[in-house]
Structure formats: structure tokens, C-alpha cells
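Topology and contacts: notes
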Amino acid sequence: MTNKQKIITESKGPVTTIIVNRPEVRNALDQESMELLSTAFRAFEADDSQRVAVITGAGGAFCSGADLKEAANRIDYKAWAGHQDGPFHKPLSKPLIGAIAGHACAGGMGLALYCDIRIAEETAVFGIFCRRWGVPMSDGTTVRLPRVIGMGRALDMMLTGRPVPADEALSMGLVTRVVPNGTALAAAEELALQIADFPQIAMLSDRESVYMQEGKTDAEAIQFEMMAAEEAKQREAKAGAARFAAGEGRHGAF
């Protein structure tokens, strides 16, 4: 574990779990904890033994966004997404799964949207609650939310600041799956281990192609897909096809 006061990191095999540990403020991120979160992300990126990360919050909440008590006294924070040193500036090079319990609101929505996959508990709640306080989004939500759920639904959430429960979040594609209360972290870590067990070159090149297709023409995106796939073709595909030919994975079995 590192820096137990505000951010905890744990490793279980190839999976890193990062825990925002400020339950007394529903895991709101002050500037210190945001810097520590950035450090945890960079450490995960740099560790070749770690293949997938899980992000969650302590004490039954995911993240309630920026610490507004701190912001009331200082607004000299780096934009979490727009600043080149912001923790949500660009996707990580490896998968990140959100295990969401309780509230994921304001900047907590930005953290959830930064994840590749979002697993929410039944009583999780999403929303742009900072609408009430005149605090703008600077965590990528205004960009990533419409790309995930569409312009109309994103504007509804953005303009009204209303709470969105987990079942509605699932129906609009904001979360990938809903699980019973108290099980999101276990479900996310189990899924992370499954992803970590795949051949990594092909999985990561396909993931990169999904991110890079945004804003490109079909021809440009398909050209990038072809280029991104080349290393996996050379290093993984033949061996994988040979395993299948030998009988592994038939009839949907893994």
C-alpha cells in the first residue's frame, strides 16, 4: 500500500487496484489527492508486471468530484483533463475499470468516464451535481459523456444536474453492467484478471484503435486499425490460431 491517507494502491497478480480513500467527504478529490491519484496512474503505467487497473472509492462512495470546501478558498487547480499534466488528460495505455458504489458525481463522473469499463452497484448514482454551484467541468465530462451516451442524453444530464440511478445509467450505456450492492470491486477485479490473461499485444492494439477512430474518416480509421494490428499479427496471431486448431476454445469454451 502507498499513502494510505488519501490514495491506496494494491496489487493482486497483474491487477492494480487504486482506492480513493476520503470517505468522510464521499471521496472528493482535493489537490493533494488528485496529485497522488496522478502518481498512482503513472506508477501503474510504468510497471510492466501490471496489465489492468481498477479504480474505486472507500466507504461506499465512488467519488463526489472536486473538494468544494478547498475550492472555496483556492481555484488555482490544473484542469483535470485539459492540462497536459492532468490525471484524465488522455487514456491510459492499459485498461482501467471503474468499480462504482454510491455517488459518482461532478468530477467523479469525469473519473468514471475516464475508465474503459464501468461496473456499478444497484444503488449507485451519477450526476453533474456541480451545476448547482456554478463550478464548470474541467475533467473531460463535456467531451466524453456525449461520446458514451449520445448528445441528447448528455445535454439532459449536463443542463439539469439531475441524479441518474444505476438502472437508467445501464439503459443509456453509461455503465457496462450493474451488480448487487457490495460486489462492484470484486466483479471489477475478476474481470480485470480475465482481461489480463488475454494475449496482450492484440488486445491493446484493438483498444488503441477504438480510441483513435474518433474524429477520423472510415478510411483513415481502418488504415490505423491495419497498422495497429501488425505487431499482433507477427507475434501473437499464428500461435493463437495454432492453439485453436489444436482444439482449444471450441464451442465457446475458454
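Refer to the structure above for everything that follows.
Note that the coordinates shown come from a computational prediction; the quantities given were computed from them, not determined experimentally. (Residues numbered from 1 in each chain as written. Predicted model: local features only at pLDDT ≥ 70, side-chain atom pairs only at ≥ 80, totals over all residues. Heavy atoms only, no water.)

Below, the discussion takes up the overall build of the chain. Across its full length, the chain carries nine helices and nine strands. With the principal axes as the frame, the chain shows a C-alpha extent of 65 × 40 × 35 Å. Taken across its 254 residues, the chain has 44% of its residues classed as buried. Contacts in the chain between residues far apart in sequence, at least 24 positions, make up 68% of those at least 6 positions apart. As displayed, the chain offers around 13,300 Å² of accessible surface, 56% of which is attributable to carbon and sulfur atoms. (Helix = DSSP H or I, 4+ residues; strand = E, 2+ residues; numbered from the N terminus. Buried < 20%, exposed > 50% of the residue type's maximum accessible area, 1.4 Å probe, protein only. Contact = heavy atoms within 4.5 Å. Areas by Shrake-Rupley, 256 points an atom, 1.4 Å probe, with all protein chains shown as cover.)

Under the criterion given, the structure shown has two aromatic pairs. Judged by centre distance (5.6 Å) and plane angle (50 degrees), the ring pair of F41 and Y114 falls under tilted. Of this pair, F41 sits in helix α1 (residues 31-46) while Y114 sits in helix α3 (residues 107-114), placing them 73 residues apart in sequence. The same class applies to F41 as to Y114, namely buried. Sitting above the plane of the F44 ring, K94 keeps its charged end 4.4 Å from the centroid. Note that K216 overlies the ring of F224, its terminal NZ or CZ placed 5.8 Å from the centroid. (Phe/Tyr/Trp six-rings, centres within 6.5 Å; stacked < 30°, edge-to-face > 60°. Lys NZ or Arg CZ within 6 Å of the ring centre and 35° of its normal.)

Moving on: the environment of M34. Looking at the element boundaries, M34 is found in helix α1. M34 sits in the buried class, given a relative accessible area of 5%. C-alpha of M34 to C-alpha of W133: the two residues are 99 residues apart in sequence and 21 Å apart in space. Those residues in contact with M34 that lie beyond four places of it in its chain are L29, W80, P87 and F88.

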